[in-house]
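Examination of the molecular architecture
One-letter residues, chain by chain:
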Amino acid sequence: MPPDAKILIVDDHEDTLYALESALAPLGYRLGRATGGDEALKHVLRGQVGLLLLDVHMPGVGGLEVVRYLRRLEQTQHIPVVLLTGFGPDHELTSAAFALGVPDLVLKPVDPWALRTKVRYLYDAHQRHLTLEREVRELRALIGSRPEPPRDRTAPNRPGGSAAPDPPRPGARVPGQREAPAATPAQDAT
């Protein structure tokens, strides 16, 4: 995913899309919009989405169905999703969302400051995670492409050709160690 991946806002109401775009605009991230679950999936599968802000209740494919589908695909399973609902607190919805790995469920109407804070944190954390994954892959490729160092002939059975001596066995004398004087039994003075 490119470092300028967009935040996709998905809601079936134009006024809500506009309000959410206005709330997130000060962050300076690229924003995209979709008006349904099918359209959202198309955007995500193109590989340009870094975070989904997704309404739960939409005609056709709803928010939870979108998340279930995304979690089944390797390329999309780690994209952070913030679910939005206008139906108030719902323990079943909250449990289902968290079971799918959704980090947050936000109630409408949305507090713009709180939403910006959550989105900034989740988006930036995901981008850092992707950067670290890329760097690990690059380092593994670099290590894998290095020629193997010449083996030391003094220790041919050691992996990597290490010439380090075997670790001492319990009770073995260390070279240069003196023998301790033998203990003498105490003599009876009688």
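Refer to the structure above for everything that follows.
Residues numbered from 1 in each chain as written. Predicted model: local features only at pLDDT ≥ 70, side-chain atom pairs only at ≥ 80, totals over all residues. Heavy atoms only, no water.

1. Re the nonpolar core
Counting residues in each nonpolar core, the largest one holds 23 residues, and the members touching the most others are L8, V10, V44, L52, L54, V67 and L83. Top element by residues in this core is helix α3 (residues 63-72). It accounts for four residues. Other than its neighbours up to four places away in sequence, L8 contacts G32, R33, A34, A40, H43, V44, V49, L51, L52 and L53. Judged by nonpolar contacts, the second largest core, of 18 residues, contains I9, L20, V119 and Y123. (Core = buried A, V, L, I, M, F, W, Y, C linked by side-chain atoms within 4.5 Å. Buried < 20%, exposed > 50% of the residue type's maximum accessible area, 1.4 Å probe, protein only. Helix = DSSP H or I, 4+ residues; strand = E, 2+ residues; numbered from the N terminus. Contact = heavy atoms within 4.5 Å.)

2. Side note on the packing of helix α1 (residues 14-24) against helix α5 (residues 112-145)
Contact pair α1 / α5: the axes reach a minimum separation of 9 Å and the direction vectors enclose 70 degrees. Taken together, α1 and α5 sit at an angle that is classed as roughly perpendicular. Pair α1 / α5 crosses with right-handed handedness. Mapping the contact onto sequence places L20, A23 and L24 in α1 and P112, L115, R116 and V119 in α5. Here the contact of α1 with α5 is built from residues that sort into six nonpolar, no polar and one charged. (Axes fitted to C-alpha atoms, helices over the stretch in contact; angles between N-to-C directions. Parallel < 35°, antiparallel > 145°, perpendicular 65-115°, else oblique. Left-handed = near helix turned anticlockwise from the far one by under 90°. Nonpolar A, V, L, I, M, F, W, Y, C, P; charged D, E, K, R; others polar.)

3. Comments concerning the packing of helix α2 (residues 37-45) against α3
Relative to each other, α2 and α3 sit at 25 degrees, their axes nearing to 10 Å. It follows from the interaxial angle that α2 and α3 lie roughly parallel. Our pair here, α2 against α3, has a crossing hand that is right-handed. Contacts from G37, L41, V44 and L45 in α2 reach V66, Y69 and L70 in α3. Across the contact of α2 with α3, the residue classes tally to six nonpolar, one polar and no charged.

4. Description of the sheet that holds strand β4 (residues 81-85)
Read across the sheet, five strands follow the order β2-β1-β3-β4-β5 without closing on themselves; strand pairing throughout is parallel. Here the strands that pair on one side only, and so sit at the sheet edges, are β2 (31-34) and β5 (104-107). Neighbour-to-neighbour, the strand axes of this sheet turn through a mean angle of 20 degrees, independent of strand direction. Pairing of strand β1 (residues 6-10) with strand β3 (residues 49-55), which is carried by five bridges, proceeds in the parallel orientation. Residue pairing across strands places V10 opposite L54, the latter belonging to β3. (Pairing = 2+ DSSP bridges.)

5. Side note on the pattern of salt bridges
Inspection of the entire model under this criterion finds five salt bridges. The partner of D11 in a salt bridge is K108, and the shortest N-O contact between them spans 2.7 Å. Taken together, the residues span a long stretch of sequence, with D11 in the loop between β1 and α1 and K108 in the loop between β5 and α5 at a distance of 97 residues. Where D55 meets K108, a salt bridge forms, and the shortest distance between an N and an O atom there is 3.3 Å. Taken as a pair, D55 in strand β3 and K108 in the loop between β5 and α5 lie far apart in primary sequence, 53 residues in all. Here D55 falls in the buried class, since its relative accessible area comes to 3%. Taking the relative accessible area as the measure of exposure, K108 reaches 23% and is therefore partly exposed. (Salt bridge = Lys/Arg side-chain N within 4 Å of Asp/Glu carboxyl O.)

6. Re the pairing of β5
Examined bridge by bridge, β4 and β5 share four bridges and lie parallel to one another. Paired with T85 across the bridge in β5 is L107.

7. Details of the pairing of β4
Counting buried positions over the five residues of β4 gives five, a clear majority of the element. The alternating pattern of β4 places V81, L83 and T85 on one face and V82 and L84 on the opposite face, and all of these are buried. In this sheet, β4 lies alongside β3 in parallel orientation, the contact comprising four bridges. Its bridge partner being in β4, L54 is matched across the sheet by L83. Crossover handedness for the path β3 to α3 to β4: right-handed. (Right-handed = clockwise from strand over helix to strand, strands pointing away.)

Function cannot be inferred from these measures alone, as they are strictly geometric.
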